[in-house]
Structures are given as C-alpha cells and as structure tokens.
Amino acid sequence: MSKRHSVKYKIDRRLGENIWGRPKSPLNTRAYGPGQHGQRRKGKLSDYGLQLRAKQKLKGYYGSITEKAFRRLYDEASRRKGDTGENLIGLLESRLDAIVYRAKFVSTVFAARQFVSHGHVTVNGQRVNIPSYQVKVGDKIEIKERSKQLTVVLEAVQLAERDVPDYVEVDHNKMVATYARVPALSDVPYPVQMEPNLVVEFYSR
C-alpha cells in the first residue's frame, strides 16, 4: 500500500472544494488555496486544466489513489460495455475501502483504507486486507468480532453528517453490510460535483 504523504485537508485547499463535505475542512473558514499566493485571483482554466482537476478531485476523494491504480481502473472501465465514466464510478464504489466507508463503519475514506489494511474486515467470511479489492454484488462485508467495539467504529456509526446510500444494505447491530447493486453516478452521495466525463476526456487525449 502506498503511503499518503500529504495531509488530507491539503487536498481540499489545493482543489478549492470541500470534497468530503467534512465540518473540519479548512475551506469552511479559509476558502482559498494554500501558500503565500493562495489568495490571488485565479485565471480561467484551459480544457486540459479542467480535465486534470476533475481527475485529481476523483482520485483525491477515494483516498488519493495512486496514478497507476487509477489508470488501471480507467482502462478496465473503458473495456466494459456502456458509458466509460459511469463504469469508472461503479468500479471506484466497488472497492472494499469505499464500501466500508459508505457503510459508516469508519468516518473517513482514509480510515477505511487503514481499517481494511489492518485486517478488521471479512468478505463472505474470508479475511481481506486489500483496500482496492473489488467487491461483487451480493457480497457480504463484516467487521471481525474482536473489532466491533473499536472506538473508531462506534463513533462512525453515530455520525450524523452522512447517510448510508441505498446500494449498500447495512445492519449496524451486527456490523454487516451487503453490496446490493453497482451504483450510477447519480446514486453516489458526493458532497461536490464529480465529472467522470472530463476524466474520460483527459485519458482519451
């Protein structure tokens, strides 16, 4: 697993958007970029700049996925039938760490990656410690018995700032989630607008 070198909220400030909708985001009080020149007026982005920004925003949202891993997902999305942008969203939301986050087992996507890596999760009864593991529709994701009382889990379940989407069925009493269906872009509760069509344009250049 690659190490995330930057603080997650630097991603918010660099992109100029609170991409996780978190109350603690510095953009809530400092709605400008980081650094000495962060408050300067920004020029209009080129088409390439808009495409690059859309890619960085989508990558950042899922815990700063590496370029190699993200490109691999894009290539898989383009091979599948249907709209490539929609396929890409479906693949991103099918990642094990994404489903652990959506199920509110942990409070952030970064915590979800670490939680899976540390072996706290099983898929269909088998221990899986790979955050990028692709979950299939109908798969059952469960927190291991000894991990169900961890503070990070108990606190996340009580979070009022986001709801569990309908494509993930969750029983928080048993700490079990089922991946009910692959979502479309319109189903995913992004706090900001994601533009996978621009990501497709970026890689299609």
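Our structure is the block above this text.
What counts and how
- Residues numbered from 1 in each chain as written.
- Predicted model: local features only at pLDDT ≥ 70, side-chain atom pairs only at ≥ 80, totals over all residues.
- Heavy atoms only, no water.
- Axes fitted to C-alpha atoms, helices over the stretch in contact; angles between N-to-C directions.
- Helix = DSSP H or I, 4+ residues; strand = E, 2+ residues; numbered from the N terminus.
- Parallel < 35°, antiparallel > 145°, perpendicular 65-115°, else oblique.
- Contact = heavy atoms within 4.5 Å.
- Nonpolar A, V, L, I, M, F, W, Y, C, P; charged D, E, K, R; others polar.
- Salt bridge = Lys/Arg side-chain N within 4 Å of Asp/Glu carboxyl O.
- Buried < 20%, exposed > 50% of the residue type's maximum accessible area, 1.4 Å probe, protein only.
- Pairing = 2+ DSSP bridges.

Here's the deal with the packing of helix α4 (residues 84-93) against helix α8 (residues 196-204)
Packing of α4 against α8 leaves a shortest axis separation of 8 Å and a crossing angle of 110°. When the interaxial angle is binned, α4 and α8 end up roughly perpendicular. Residues T84, G85, L88 and I89 of α4 lie in contact with α8, whose contacting residues are P196, V199 and V200. Grouping the amino acids of the contact of α4 with α8 by side-chain chemistry returns five nonpolar, two polar and no charged.

Some points on the pattern of salt bridges
Per the counting criterion, the structure on display carries eleven salt bridges. K55 is the partner of E67 in a salt bridge, and the nearest nitrogen-oxygen pair spans 2.7 Å. Of the two residues, E67 sits in helix α3 (residues 67-79) while K55 sits in helix α2 (residues 47-61), which places them twelve residues apart along the sequence. Here E67 falls in the partly exposed class, since its relative accessible area comes to 32%. Residue K55 is classed as buried on the basis of its relative accessible area of 5%.

Some thoughts on the sheet that holds strand β3 (residues 140-143)
Pairing is antiparallel across the open sheet formed by five strands, whose spatial order is β2-β1-β3-β5-β4. Of all the strands in the sheet, the pair left with one neighbour each is β2 (126-127) and β4 (168-171). Inspection of the sheet shows strand β1 (residues 121-123) paired to β3 by three bridges, in the antiparallel sense. Bridge assignment links V121 to a residue of β3, and that residue is I143.

Some remarks on the packing of α3 against α8
Where α3 meets α8, the closest approach of the two axes is 12 Å, and the angle between their N-to-C directions is 100°. Here α3 lies roughly perpendicular to α8, going by the angle between them. Packed against α3, whose contacting residues are E67, F70, R71 and Y74, the element α8 presents V199, V200, Y203 and S204 at the interface. By residue class, the composition of the contact of α3 with α8 is five nonpolar, one polar and two charged.

These values are about where atoms sit, not about what they do.
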